[in-house]
Amino acid sequence: GEVPELSGQGFLIRTSGDETVWLFGGSPAATLWAVYELVERWGVVFSLQGDVFPADKVDIKIPDTYEIFEPRQRIRSWRLINVLMTGPECWSLEQQKKFINQLVKQKFNGIHLCLWPHHPFVNFEVDGVSKKSASFNFGIPIPVTEDNIGLEHLPGTGNFTNPEFIRCESFEDWYETGVRYAGTVIEYAKSFDMNVSIAFQPFDFTKDYAQLLEKPVEVKQLGNLFIAEGGNIYNPAHIRLLRAQFDAFINIYPQVDSFHITLPEHARNASQFEESWKSLDNRFGLSSKYDIDKIINDTSSGYLAAGGPQRSSEEARMTIIMLDALHNLMDKTGILEEIQKKGKVMGISAGLSCPQILPVVADALWPDAHLCITTGYTASRGVRNLHRLDGIDASSINVEQVLTLQDDNVGSLPQVAAYSIHRLMEYGVEKGWNGFYTRFWPIGDLDPVSAYLSAASWKKGTTPDSAYREYAGRLYGKNAESPMSQALRLLEDATVLLDMNHLSLLFPARLIVPWYIGMDGKNVMPESLWHIKAIYEEVRSIFLKQLSNIKHEEAVSHMLYWISRMDFSERVLAGIALLEEGNGSLKKKDMEAARTSYGKAIDCFKQALEVAARHVRDDSDRGTLAVYYDILVREMEKRVCEVDRRQHNEDRNQAFS
């Protein structure tokens, strides 16, 4: 019979009698997805960690079906390079390729590389000046020493880093390895015809370029590595820098499909706001539609942002300034025409702390631009902002959104957010948006959410509960469907509590967690954290009950991993509770009791890491081991010594007085 017309991503599964099934695809990649869809129905689980085959012999049956599959979201992309060493920044090429394999099997079709100025992936020269250094983790070292818990899982180096870069010594080594690394990831993704995008921050530079800026100002960012132009941004040297940077990305990575200009995370000088708004208004006639002052000073939006109304307002003003500057700079450099001439797409990433400004941004872009929006640091925060996006006009631009699976501020505590992500994605489908990009760090907890995303991207009516049940039933058995869905729903509750009250709780960098010690009057273990700790304990009990009914060795391994995640998290929160106990003793000038509580806290953190070390599955797990030993053990011990010395000096001074 006839085959219906399929899009390049569409495929058809059609049976012919009892022994034949026809698989048609609108492209080679779509035909491959058809194969994986069929194999999945025969019981294979495509976990992000690898394939899990049925334990028992499978009776392969030809389904009685005639099904046409077309994606509900055209772009379904995962961010495979970012910052911080608990995420893909620390992944080997082997890990990257393995992960891409699993994404293809789950019918995702894109990878996104978020490259920062300090990364070793791009270099450019202007007036004889170029980069001279490169790093990961914002240049903050993570020592690996003999006392590290899980040392056997960590690369043999003085500082933890991406294993592909261990032997790099000079900047030339770093740069050569970086270009090869990113190029290999891109080439491997392209072998599956995946969409590849790169995001970068064109207004930020490493300090190597300071002499070319009229007034270099330090950018507020972890590590203090970046500078920006604080003088006239249209001065000739700055324009040459911008053009050289764009040319570098285009020429070094010619296979990339789209480039995303990322606006800075923290606001800059807003003194040019009035002038910038008038300039954009002259281009696009915005004032007839928008009361910009009302939008910027919308406190109901501001209070939903991490950092509150002031940060939201400042970021909204900065967005207007940067957008106007971008238009003017594109006019002066001709870079947009150059990118379009090469068949590439250029877009902009905006939102984060000021989603109320996004309808304005959408109306102030070039035709066929891509607008990638982030409506909040976390998925649940993003949901609360959706009604502010109703004014976005997607008729002449492509709108995509960032789906935050995990936020780095929460750190390596389990984050399950499929119900919030469900609302975000369905909103995007309703509005005819182009697709999504994921934002995440560790991958060990993401199988249920990725199973939901995979199914919901193709099948209308998919819910987190239906996806959880199908995933759990195939992996752990029919009897596990309901309890696993209940457990994951409880973890969603814990995730929302973390989103609301505890951003930065376990941010994976120094000088964050250790400063909980001795903080005057700060409640570091409020009531909500006790509730979260109790949720982890309850979820652990559900998982433990399921374990006795699972016969498949691979499935047992998956369940043991989940149990270890609950144990890790419960022990970490127990340690934080002991820190608070120690702080209370310190406030009462009982240093001996404080020392005892602090020592017990560090013991809890060590126990958490020992559990994690017994269940390492991927490079993000290795990153978690290295980072949190540095933060929760090594840095905590240093901080306790500092507090002890300070208290000793105070006691001595009082005795003398």
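The paragraphs below set out a description of the structure included in this document. (Residues numbered from 1 in each chain as written. Predicted model: local features only at pLDDT ≥ 70, side-chain atom pairs only at ≥ 80, totals over all residues. Heavy atoms only, no water.)

### Points about the overall build of the protein
Regarding its fold elements, the protein presents 19 helices and 16 strands. Its C-alpha radius of gyration of 26 Å places the protein within 12% of the 26 Å reference for a compact globule of 657 residues. The C-alpha extent of the protein, read off along each of the three principal axes, is 100 × 70 × 50 Å. Every one of the 657 residues in the protein was classed for burial, and the buried ones make up 60%. Sequence-distant contacts, at least 24 apart, represent 76% of the contacts inside the protein between residues at least 6 apart. On the protein, roughly 26100 Å² of surface is accessible, and the fraction owed to carbon and sulfur atoms is 49%. For the protein, the separation between the mean place of its 68 positive charges and that of its 87 negative charges on side chains is 2 Å. (Helix = DSSP H or I, 4+ residues; strand = E, 2+ residues; numbered from the N terminus. Rg over C-alpha atoms; globule rule 2.2 N^0.38 Å. Buried < 20%, exposed > 50% of the residue type's maximum accessible area, 1.4 Å probe, protein only. Contact = heavy atoms within 4.5 Å. Areas by Shrake-Rupley, 256 points an atom, 1.4 Å probe, with all protein chains shown as cover. Lys, Arg positive; Asp, Glu negative; His and termini not counted. Charge placed at Lys NZ, Arg CZ, Asp CG, Glu CD.)

### A closer look at the sheet that holds strand β12 (residues 258-262)
Taken in spatial order, the 8 strands close into a barrel running β6-β7-β8-β12-β13-β14-β15-β16, and their pairing is parallel. Neighbour-to-neighbour, the strand axes of this sheet turn through a mean angle of 25°, independent of strand direction. Along the sheet face, helix α2 (residues 93-105) touches β6 (75-81) and β7 (110-114) and points at about 165° away from the line of β6. Helix α12 (residues 418-430) rests against β15 (398-404) and β16 (435-439) of the sheet, and its axis sits at about 175° to β15. (Pairing = 2+ DSSP bridges. Axes fitted to C-alpha atoms, helices over the stretch in contact; angles between N-to-C directions.)

### A short note on the sheet that holds strand β9 (residues 205-206)
Ordered in space as β9-β11-β10, the 3 strands form an open sheet in which the pairing is antiparallel. Two strands lie at the open edges of the sheet, namely β9 and β10 (216-218), each paired on one side alone. In the sheet, β9 pairs with strand β11 (residues 226-229) via 2 bridges, with the strands oriented antiparallel. The partner of Phe-205 across the bridge, within β11, is Ile-227.

### Notes on the pattern of salt bridges
One side chain can pair with another of opposite charge once the charged atoms of both are near each other. Taken as a whole and assessed by the stated rule, the structure comprises 38 salt bridges. The closest approach of N and O atoms between Lys-105 and Asp-51, which form a salt bridge, is 2.7 Å. Taken as a pair, Lys-105 in helix α2 and Asp-51 in strand β4 (residues 50-52) lie far apart in primary sequence, 54 residues in all. Looking at Lys-105, the relative accessible area reads 12%, which means it is buried. Of the charged contacts in the structure, one is a salt bridge between Lys-638 and Glu-635, with a shortest N-O distance of 3.2 Å. You can see Lys-638 and its partner Glu-635 sitting in helix α19 (residues 619-656), 3 residues apart, about one turn around the helix. Given the relative accessible area of 42%, Lys-638 is considered partly exposed. Judged by relative accessible area, Glu-635 falls into the buried class, the value being 10%. Overlapping salt bridges bring together Arg-510, Asp-630, Arg-634, Glu-635 and Lys-638 as one network. (Salt bridge = Lys/Arg side-chain N within 4 Å of Asp/Glu carboxyl O.)

### Some thoughts on the layout of surface pockets
Roughly 1000 Å³ of internal volume is contained in the largest pocket. Considering the residues around the largest pocket, the lining is formed by 41 residues, among which Gln-221, Glu-265, Arg-311, Leu-352 and Tyr-377 are closest to the centre. Secondary structure elements with two or more residues in the lining of the largest pocket: β7, α8 (308-333), β13 (345-351), β14 (370-374) and β16. At 4 residues, α8 tops the list of elements feeding residues into the lining of the largest pocket. Residues of the lining of the largest pocket, tallied by class, amount to 21 nonpolar, 13 polar and 7 charged. In this structure, the second largest pocket is lined by 28 residues; those nearest its centre are Glu-37, Glu-40, Ala-455, Lys-459 and Glu-470. Listing elements by their share of the lining of the second largest pocket, those giving two or more residues are α1 (28-41), β3 (45-47), β5 (66-69), α13 (447-456) and α14 (464-476). Split by residue class, the lining of the second largest pocket holds 10 nonpolar, 7 polar and 11 charged. (1 Å grid on protein atoms, 1.4 Å probe; cavity = no way out; pocket = protein on both sides within 12 Å on 5 of 7 lines; lining within 4 Å. Points joined across faces, edges and corners; volume = space filled by probe spheres on them. Nonpolar A, V, L, I, M, F, W, Y, C, P; charged D, E, K, R; others polar.)

### Quick notes on helix α3 (residues 171-190)
Every α-helical turn comprises 3.6 residues, leaving residues that sit three or four positions apart pointing alike. In this model, α3 (20 residues) spans 28 Å end to end at C-alpha, consistent with the 28 Å of a helix rising 1.5 Å per residue. Within α3 the residues assigned to the buried category are Phe-171, Trp-174, Thr-177, Gly-178, Tyr-181, Ala-182, Thr-184, Val-185, Ile-186 and Ala-189. (Expected span 1.5 Å × (residues − 1).)

### A word on α8
Counted at 1.5 Å a residue, the expected span for α8 with its 26 residues is 38 Å, and the 37 Å between its end C-alpha atoms agrees. In terms of burial, α8 is largely enclosed, as 20 of its 26 residues are buried. Following α8 by one or two positions, Gly-334 has its phi on the positive side, about 70°.

### Notes on the environment of Met-566
Positionally, Met-566 belongs in helix α17 (residues 553-587). Accessibility expressed as a relative area gives 1% for Met-566, which makes it buried. Taking the C-alpha atoms as reference points, Met-566 and Gly-347, separated by 219 residues in sequence, lie 40 Å from one another.

### What about a nonpolar patch on the surface?
A surface patch of nonpolar side chains, amounting to about 290 Å² of accessible area, comprises Leu-511, Trp-515 and Met-519. Looking at the secondary structure, you find Leu-511 in the loop between α15 (481-501) and α16 (527-547). (Patch = residues over 30% accessible without salt bridge, like charges linked within 9 Å, V, L, I, M, F, W, Y side chains within 5 Å.)

### Notes on the side chain of Ser-47
Relative to the helices and strands, Ser-47 resides in strand β3. A polar atom in the side chain of Ser-47 sits 2.9 Å from the backbone nitrogen of Gln-49. Side chain to side chain, Ser-47 and Asp-447 meet in a polar contact 2.7 Å long. Sequence-distant contacts of Ser-47, that is, excluding residues within four places in its chain, are made with Gln-102, Gln-106, Asp-447 and His-558. (Polar contact = N/O pair within 3.5 Å; in protein donor to acceptor, adjacent residues only side chain to side chain.)

### Quick word on the packing of α14 against α17
Their axes nearest at 9 Å, the elements α14 and α17 cross at an angle of 125°. By the angle between their directions, the pair α14 and α17 is classed as oblique. Contact residues: α14 offers Tyr-471, Leu-475 and Tyr-476, while α17 offers Ala-555, His-558, Met-559 and Trp-562. Each residue belonging to the contact of α14 with α17 can be placed in one class, and the counts come to 6 nonpolar, 1 polar and no charged. (Parallel < 35°, antiparallel > 145°, perpendicular 65-115°, else oblique.)

### So, the pairing of β7
The buried fraction of β7 is high, at 5 of 5 residues. Here β7 shows a buried face lined by Gly-110, His-112 and Cys-114 and a second buried face lined by Ile-111 and Leu-113. Pairing geometry for β6 and β7, over 4 bridges, is parallel. Looking across to β7, one finds that Arg-79 is bridged to His-112. As a crossover connection, the stretch from β6 through α2 into β7 is right-handed. Note: β7 against strand β8 (residues 195-200), 5 bridges, orientation parallel. Bridging across to β8, Leu-113 finds its partner in Ile-198. (Right-handed = clockwise from strand over helix to strand, strands pointing away.)

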